[in-house]
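Commentary on secondary and tertiary structure
Here is how the chains run, residue by residue.
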Amino acid sequence: MLTVCTALAVWGGCAAARRYLDRTSRRETEFWGGRVRLTALWNRGAAFGLPIPERCLSAASGAVLAMLWCDRRQSPIGAGLALGGGLSNLRERFRRGRVYDYVRFPRAPRPLNRYVFNLADFAILAGGLTLLMRRKRR
């Protein structure tokens, strides 16, 4: 139950952020002295803009999400974060054929400063790291 609630919270947060950014007229906003910038763009590729065909990407995503669901007992919150983020990106890819990215770190070291992320990407990263840490403890 905790996994499902976490995944739904991430999914809702991603949808709310996307809706907010769609409605705001300013497309570039800086925070924390320019360390974080909201830059709206559509990503047709996979992570980091890799040109992977949608059919392959969807099949791989489905397999990973199924594995996460099976691993949810190890870390319900970690699995929920990764599932919520993955399902959010997958849903957007099916609905629009692309994913809306909007968070950039212009002052980060290269090559990280070139990439644009979204809330789902951060949830996937946090969930994956949480699951890995739980595995190492066993």
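Reading guide: rules and limits
Residues numbered from 1 in each chain as written. Predicted model: local features only at pLDDT ≥ 70, side-chain atom pairs only at ≥ 80, totals over all residues. Heavy atoms only, no water. pLDDT = per-residue confidence, 0-100. Helix = DSSP H or I, 4+ residues; strand = E, 2+ residues; numbered from the N terminus. Salt bridge = Lys/Arg side-chain N within 4 Å of Asp/Glu carboxyl O. Buried < 20%, exposed > 50% of the residue type's maximum accessible area, 1.4 Å probe, protein only. Axes fitted to C-alpha atoms, helices over the stretch in contact; angles between N-to-C directions. Parallel < 35°, antiparallel > 145°, perpendicular 65-115°, else oblique. Left-handed = near helix turned anticlockwise from the far one by under 90°. Nonpolar A, V, L, I, M, F, W, Y, C, P; charged D, E, K, R; others polar. Core = buried A, V, L, I, M, F, W, Y, C linked by side-chain atoms within 4.5 Å. Expected span 1.5 Å × (residues − 1). Arc of directions from axis to C-beta. Pairing = 2+ DSSP bridges. Contact = heavy atoms within 4.5 Å.

**Details of the confidence of the model for the protein**
- Summarising the model, the protein shows a mean pLDDT of 80, and 79% of its residues fall at 70 or more.
- The least confident element of the protein is helix H2 (residues 54-70), whose mean pLDDT is 67; the most confident is strand S4 (residues 116-117), at 88.

**Focus: the pattern of salt bridges**
- Across all of its chains, the model carries 1 salt bridge by this definition.
- Between arginine 18 and glutamate 92 there is a salt bridge, with the nearest N and O atoms lying 2.7 Å from each other. Taken together, the positions of arginine 18 in helix H1 (residues 2-23) and glutamate 92 in helix H3 (residues 76-96) put the pair 74 residues apart, joining distant regions of the chain. The two residues arginine 18 and glutamate 92 agree in class, both being buried.

**Describing the packing of H1 against H3**
- H3 packs onto H1 with a crossing angle of 45° between their chain directions and a minimal axis gap of 7 Å. With respect to their mutual orientation, H1 and H3 come out oblique. Crossing hand, H1 versus H3: right-handed.
- When the residues that make up the contact of H1 with H3 are grouped by side-chain class, the tally is 11 nonpolar, 6 polar and 5 charged.

**Structural notes on the nonpolar core**
- Judged by nonpolar contacts, Ala17, Leu21, Val36, Leu38, Tyr100, Tyr102 and Val103 together constitute the single largest core of 7 residues.
- Secondary structure elements with two or more residues in this core: H1, strand S2 (36-43) and strand S3 (99-104).
- Within the second largest apolar cluster, 5 residues are counted, among which are Val10, Cys14, Leu81 and Ala120.

**Overview of H1**
- The end-to-end C-alpha distance of H1 is 32 Å, a good match for the 32 Å that 22 residues give at a rise of 1.5 Å each.
- What H1 keeps buried is the set Thr3, Thr6, Ala7, Val10, Cys14, Ala15, Ala17, Arg18 and Leu21. Down the axis of H1, the buried set is contained in an arc of 165°. They therefore lie on one face. The exposed residues of H1 that point more than 90 degrees off its buried face are Leu8, Ala9, Tyr20 and Arg23.

**So, H3**
- The first and last C-alpha atoms of H3 sit 30 Å apart over 21 residues, in line with the 30 Å expected at 1.5 Å per residue.
- Where H3 ends, the next residue or the one after it, glycine 97, has phi of about 75°, a positive value.

**Considerations on the sheet that holds strand S1 (residues 28-31)**
- Taken together, the 4 strands give an open sheet; going across it, the order is S1-S2-S3-S4, and neighbouring strands pair in antiparallel fashion. The open sheet has two free edges, formed respectively by S1 and S4, since each of these has just one partner strand.
- When S1 meets S2, the two strands line up antiparallel, connected through 4 bridges. Within S2, the position partnered with glutamate 28 by the bridge is threonine 39.
- Across the sheet, H1 is in contact with S2 and S3; its angle to S3 comes to roughly 80°.

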